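Residue-level structure breakdown
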Amino acid sequence: MVDGETRCEHYRGALDVIAIAFACCGDWYPCHLCHEEVADHEARQWSRSQRATPAVLCGVCGSTLSIHAYLDAQGCPECSAGFNPGCRLHHDLYFD
């Protein structure tokens, strides 16, 4: 279950408001665990050469950020919604 701001059953804090288009399939998921539960394939990381790809969605305003912009941000540049700083601990699951 995903709420209207992309929070899922695994990460549902006030700042857990992003979804990521996975490199392996292009499908949007709130987290790696959601992908693992639903997808019929292994997750793949976005390579460093793909950092310009718009692959992160702000669940508050619906803006799409490039991977590079997301990795440099503490929040959404469009609506100023804060992003969970703890997500940085999981970046290696999504981005090379």
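Keep in mind that what you see is a predicted model, and the values were worked out from it rather than measured.

1. Some thoughts on the pattern of salt bridges
- Enumeration according to the criterion identifies two salt bridges in this entry.
- Asp3 is paired through a salt bridge with Arg7; the nearest N and O atoms lie 3.1 Å apart.
- According to the relative accessible area criterion, Asp3 is partly exposed, its value standing at 34%.
- The salt bridge involving Arg7 is made with Glu5; its shortest N-O contact spans 2.9 Å.
- Its relative accessible area of 15% is what places Arg7 among the buried residues.
- Owing to a relative accessible area of 27%, Glu5 belongs among the partly exposed residues under this scheme.
- Through salt bridges with shared partners, a single ionic network connects Asp3, Glu5 and Arg7.

2. Concerning the packing of aromatic side chains
- All chains considered together, the criterion is met by five aromatic pairs.
- Consider the rings of Phe22 and Tyr29, whose centres lie 5.4 Å apart with planes at 90°: the pair is edge-to-face.
- Note on Tyr94 and Phe95: the rings are 6.0 Å apart at their centroids and 50° apart in plane angle, and the pair reads as tilted. Exposure class is identical for Tyr94 and Phe95. Each is buried.

About the criteria used
Residues numbered from 1 in each chain as written. Predicted model: local features only at pLDDT ≥ 70, side-chain atom pairs only at ≥ 80, totals over all residues. Heavy atoms only, no water. Salt bridge = Lys/Arg side-chain N within 4 Å of Asp/Glu carboxyl O. Buried < 20%, exposed > 50% of the residue type's maximum accessible area, 1.4 Å probe, protein only. Phe/Tyr/Trp six-rings, centres within 6.5 Å; stacked < 30°, edge-to-face > 60°.

Read these as spatial facts, not as claims about activity.
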